[in-house]
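Spelled out, the chains give:
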Amino acid sequence: MTSAAIEVAGLHKSFGTTHALDGLDLVVPAGQVAGFLGPNGSGKSTTIRVLLGLLRADAGTARLLGGDPWADAVALHSRLAYVPGDVTLWPTLTGGEAIDLLVRLSGRSADKGRKEQLLQRFELDPSKRARTYSKGNRQKVALVAALATPGVELLVLDEPTSGLDPLMEAVFQRCVREARAEGVSVLLSSHILAEVEELCDTVTIIRQGKTVQSGTLAELRHLTRAKVSTVVAGDTSALAALDGVHDLAVVDGHVVFHTDNDALPQVTRALADLAPSSLTITPPSLEELFLREYGDELAALESDGVTSR
Amino acid sequence: MTAVALAPATPTVARGGGRLTRTGALLRLALRRDRVRIPVTVIILVLMVASTLAAIQSAYPTVVERQQLAATVGSNTAFLALLGPALHPESVGAMATWRIGAFLALVVGIIGALATVRHTRREEEAGRLELVGSLRVGRLAPLTAGLLAALVMVGVASFGVALPLVGQGALGALAFAFQNLVSGLAGVGIAAVTVQLASVARTASSIAVSVLVGTYALRAAADVQDSLSWLSWLSPMGWGQKIDPYGDDRLGLVLLGVAVLALGAGVGYRIQATRDLGAGLIADRPGPADAPGLRSVQALAWRLQGQTLVTWAVPVAAYLLLVGFLLSSVGDIAGDSPQVQQIIEQLGGAGAMQDVFVVTIMGFIALAAGAFVVASLSRLHSEETAGRAELILGRSVPRTTYLLVNVLVVAAGTVVLLVVGGLAMGVGNGIAAGDWGYTGKVLGAALVQLPAVLVVVGFMTALYGWVPRLVVLGWALVVWSLVVGQLGALLDLPSWLQDLSPFSHTPAYPLDAVAPGPLVVLVAIGVALVVVGVVGFRRRDVVA
């Protein structure tokens, strides 16, 4: 398959007794933006380091732009650009120097106009020494270096917006959309769910080194329940009896419940009979999807974990 | 009463928040972080003193022999500049403290300065002070704790090095402790000011160390030239000599060090109390927005290592220039003593004395080059843990290239160090003697050290390639080589233990002819170890 920029199957990686990756699967379709979700320590950065050939996997397969990330690292790296989540720069180099250096180490030469434009968009002063930069500014240096590298087919972004303000976050999102429009594939690791929801075509949710959910956002939403909120006059017992209606609560005629997506036709028919005076149906947000996968950690007391596999 | 009494506004800020609040807790933290560094440093220094004492005892057991030593070496210009005058040949303790005193005082001063910088400006630069400052901690508590931690280090070192001498007389040993203490206190005092001047820890360290080395040179000038003897009063190492262990034992002079500390700390406190976090009097200049020259891993390695190289090359060159100037006077060492002249004739004449001196000094420079290698290649490990190696290897850079380029730049740096050192000594000698015939030999004596240094390069590369956290073992090799070089014969160590030091295989050129065999073997070992390191680095995980 050459239609995927990244294909990872059954990846394992241990550090001593810690199993950082425990059979992880991940696919980034070519030309798409793939979200890579998971809380701290779930194995996102380890996966990315395996994909960059910095770590060698213990077992499993990983293909990157049709090549082997370990054996073909050097050739592959000239076709991708990487932004780490925690950028450390050389304290005595200026931001501008670091950008030029990083672009050249990909075997490319920086397009001066493009660099200038990105510096302006990210409001970054390139003449400051790196040791004086704040976290956000160091992040900007890495972002500009990645986006200014010409001829890139894949962007590997590991929590790229940590430390950026909301204005810069918006600039970043615009840049990713532009890259996608140019046909660049993007792997975006993040725990900012709004960002992923905004940018990504597909999403992979991992937990303790394993993939627990993956698919397009629409597919994932389909797996879960929409929230229905309505005000009705009639008796709601018929509604409560329907298959696919959950957690129904009635307070003074104000009805709130969750419904399986496939039950939606019957639910709306039953609702119509109750003559609702107001009605909202909210599709599940990514946050709800995410919390569902991690609900047991959230409420550790609930021994019956909510697993979807 | 109908009049309303205007009560003073109740203070809303809780009391008990003095400017020194929590100094004790911060001091404990600082000492905890130094819990390995302090004992290791002190043990090395104590071993140096113990070995010096043992050397004097075994080589000059009688008063007559020590008087000859004082009359010849002790009054020779070269040794006057390096060690100062030998005033009390009757006492073994005095001769041991003469042999090591001025140098050790300088070392303790530098240790004090570096500890001060480490516990104050480096903490601030790393951003940890910001976190600490947000807590219920007095404004001056971090600086106070930092100074106290440095003083603990200086105190432990000063009194520790006196322990081997207690057997020679307790008062003299105390005076020797004070000789080191006066310099250590001054080092802390000087650094207390430089950490306020510079916003970068490295700059603060460089300035403080330069000042200390400068004062060492002042006392050298004072000891060589009678008309300049007043210069000695400007130098903490000069004060140390005037304390005169096992002679006059003028303990009160330690107050001069206390005065420098008080003055420096006073200035430091004044600036610290009013300045912003992270600010210094020496401001950061903006740099270039583009890097037309920074095209490759080589360019980056030169850029990063270049600064380190300069900070090593300048003192090495300055020291060897000075030694070079004094070199021709080594031949006069025999003075008027016919016995010594006879010994020297047996050794091969005055020229041979000069050769012995060159071999000894170059042995030290080789160890300094080895230390440069360990310090420089240890940085590869910190580059990796900081995540900067990942930035580079995430680009289109082969691992072999990354490692080899960095190793070659460091190896080239050692060549620069040795050539600069050899030239400096040769030029100094050429100017002083008015004869340039010896310059080539001096340069050769520097270059013949290179193969042994290359073994250190290989050792470090192999460590980094396979188990990067063990690069610290490089220091063990350098210290071991120093111990073997100084004490190997004296302690009658088994030869295989001595052979573990690559430097023990370096030919004693120009005293002896150069046999190429050992040099070829050393180079081969160095290259083989580099290859081993590259193989390991290509196979292992790069960890951030």
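Residues numbered from 1 in each chain as written. Chains lettered and ligands numbered in written order. Predicted model: local features only at pLDDT ≥ 70, side-chain atom pairs only at ≥ 80, totals over all residues. Heavy atoms only, no water.

You'll find chain B entered in an unreviewed UniProt entry as ABC transporter permease, with Cellulomonas humilata given as the organism.

The name given to chain A in an unreviewed UniProt entry is ABC transporter ATP-binding protein, with Cellulomonas humilata as the source organism. The annotation that UniProt attaches to chain A under Sequence similarities (unreviewed entry) is "Belongs to the ABC transporter superfamily." The heading Subcellular location (unreviewed entry) in the UniProt record of chain A holds the text "Cell membrane". (UniProt positions renumbered as here; feature names shortened; annotations may be inferred.)

Visitor: Can you break down the domain arrangement of chain B residue by residue, with the values?
Guide: Residue and element names in this part refer to chain B. Parsing chain B into structural domains produces domain 1 (17-277) and domain 2 (295-544). Between domain 1 and domain 2, the C-alpha centre-to-centre distance is 27 Å. Counting from both sides, the interface comprises 15 residues of domain 1 and, opposite them, 17 residues of domain 2. Here domain 1 and domain 2 share an interface that buries about 1,400 Å² over both sides, 73% of which is from carbon and sulfur atoms. Sorting the residues of domain 1 by area buried against domain 2 places T72, L82 and R202 first, and these three jointly supply 32% of that buried surface. Applying the counting criterion to the domain 1 and domain 2 interface returns zero salt bridges. Inspection of the domain 1/domain 2 interface yields one residue pair in polar contact (both at pLDDT 80 or more). Where the side of domain 1 that touches domain 2 is concerned, the elements lending two or more residues are α2 (37-59), α3 (63-72) and α4 (77-83). Of the residues that constitute the side of domain 1 that touches domain 2, the class distribution is eight nonpolar, six polar and one charged. (Domains from an automatic or database assignment. Contact = heavy atoms within 4.5 Å. Buried area = accessible area lost by both parts, 1.4 Å probe. Salt bridge = Lys/Arg side-chain N within 4 Å of Asp/Glu carboxyl O. Polar contact = N/O pair within 3.5 Å; in protein donor to acceptor, adjacent residues only side chain to side chain. Helix = DSSP H or I, 4+ residues; strand = E, 2+ residues; numbered from the N terminus. Nonpolar A, V, L, I, M, F, W, Y, C, P; charged D, E, K, R; others polar.)

Visitor: Before we move on, can you summarise a nonpolar patch on the surface with the specific residues and values?
Guide: Residues and elements named next belong to chain B. Together, L321, F325, L423, V427, I431 and W436 give the surface a local cluster of nonpolar side chains, amounting to about 510 Å² of exposed area. Every element with two or more residues in the nonpolar patch is listed here: α13 (297-330) and α17 (399-433). Looking at which element gives the most residues to the nonpolar patch, the answer is α17, with three residues. Relative accessible area serves as the criterion here: at 48%, I431 is assigned to the partly exposed category. (Patch = residues over 30% accessible without salt bridge, like charges linked within 9 Å, V, L, I, M, F, W, Y side chains within 5 Å. Areas by Shrake-Rupley, 256 points an atom, 1.4 Å probe, with all protein chains shown as cover. Buried < 20%, exposed > 50% of the residue type's maximum accessible area, 1.4 Å probe, protein only.)

Visitor: Describe in detail the domain arrangement of chain A, supporting the description with residues and values.
Guide: As far as domains go, chain A holds domain 1 (4-221) and domain 2 (225-283). Computed from C-alpha coordinates alone, the two centres of domain 1 of chain A and domain 2 of chain A are separated by 42 Å.

Visitor: An account of the pattern of salt bridges is requested, with residue identities and associated values reported.
Guide: Residues and elements named next belong to chain A. As enumerated under the stated definition, the model contains 23 salt bridges over all chains in all. Measuring nitrogen to oxygen at the nearest pair gives 2.8 Å for the salt bridge that ties R79 to E153. Of the two residues, R79 sits in the loop between α2 (73-77) and β5 (80-83) while E153 sits in the loop between α5 (135-147) and β6 (154-158), which places them 74 residues apart along the sequence.

Visitor: Would you mind going over the UniProt feature "domain: ABC transporter" (unreviewed entry) in chain A in detail, with residue names and values included?
Guide: The feature "domain: ABC transporter" (unreviewed entry), as annotated in UniProt, sits at residues 6-233 of chain A in this numbering. The span residues 6-233 of chain A is 33% helix and 30% strand, and its two end C-alpha atoms sit 53 Å from each other.

Visitor: Describe in detail the environment of I361 of chain B, supporting the description with residues and values.
Guide: Residues and elements named next belong to chain B. Considering the arrangement of structural elements, one finds I361 in helix α15 (residues 350-386). Among the residues examined, I361 registers a relative accessible area of 6% and is labelled buried. Setting aside its immediate chain neighbours within four residues, I361 contacts Y319, L320, V323 and M425.

Visitor: Requested: an account of the packing of helix α8 (residues 141-162) of chain B against helix α12 (residues 254-274) of chain B, with residues and values cited.
Guide: Residue and element names in this part refer to chain B. Contact pair α8 / α12: the axes reach a minimum separation of 11 Å and the direction vectors enclose 155°. The pairing of α8 with α12 is recorded here as roughly antiparallel in orientation. Helix-helix and strand crossings are classified by hand; for α8 and α12 the assignment is right-handed. Counted together, L143, T144, L147 and L151 of α8 and L261, A265, G268, Y269 and Q272 of α12 form the full contact between these two elements. Among the residues making up the contact of α8 with α12, the classes are represented as six nonpolar, three polar and no charged. (Axes fitted to C-alpha atoms, helices over the stretch in contact; angles between N-to-C directions. Parallel < 35°, antiparallel > 145°, perpendicular 65-115°, else oblique. Left-handed = near helix turned anticlockwise from the far one by under 90°.)

Visitor: So what about the interface of chain A and chain B? Which residues, and what values?
Guide: With 41 residues of chain A at the interface, the matching set in chain B holds 39 residues. When chain A packs against chain B, close to 3,600 Å² is buried across both sides, 52% of that on carbon and sulfur atoms. In this structure, the salt-bridge partner of K115 of chain A is D290 of chain B, at a minimum N-O distance of 2.6 Å. At the boundary of chain A with chain B, the tally comes to 28 residue pairs in polar contact (both at pLDDT 80 or more). Of all elements in the fold, only β1 (4-15), α2, β5, α3 (95-104), α4 (112-121) and α5 of chain A reach the threshold of two or more residues within the side of chain A that touches chain B. With seven residues, α3 of chain A is the single largest residue contributor to the side of chain A that touches chain B. Of the residues belonging to the side of chain A that touches chain B, the class tally is 20 nonpolar, 11 polar and 10 charged.

Visitor: Could you give an account of unusual backbone geometry, with specific residues and numbers?
Guide: The linkage connecting Y509 of chain B with the following residue, P510 of chain B, adopts the cis geometry, with an omega of 5°. Along the chain, P510 of chain B falls in the loop between α21 (495-499) and α22 (516-539). Even without a glycine there, the phi angle at E159 of chain A is positive, about 45°. You can see E159 of chain A is positioned in the loop between β6 and α6 (166-181). Positive phi, normally seen in glycine, also occurs at R22 of chain B, with a value near 75°.

Visitor: Lay out the sheet that holds strand β9 (residues 210-216) of chain A in plain terms, naming residues and giving numbers.
Guide: Paired through their backbone hydrogen bonds, the strands of a sheet run either parallel or antiparallel. All names here are of chain A. Strand order across the open sheet formed by six strands is β5-β6-β7-β3-β8-β9, with mixed pairing between neighbours. In the strand order of this sheet, the two ends are held by β5 and β9, each with one partner. Here the average twist between neighbouring strands, direction ignored, is 15°. Direction of pairing for β6 relative to strand β7 (residues 185-190): parallel, over a ladder of five bridges. The residue bridging L155 from the neighbouring strand is V186, located in β7. On top of the sheet, α5 reaches β5 and β6; it is set at about 175° to β5, its chief contact. (Pairing = 2+ DSSP bridges.)

Visitor: Which residues make up the side chain of T211 of chain A, and what values go with them?
Guide: Considering the arrangement of structural elements, one finds T211 of chain A in strand β9. For T211 of chain A, the side chain forms a polar contact with the main-chain oxygen of D25 of chain A, separated by 2.5 Å.

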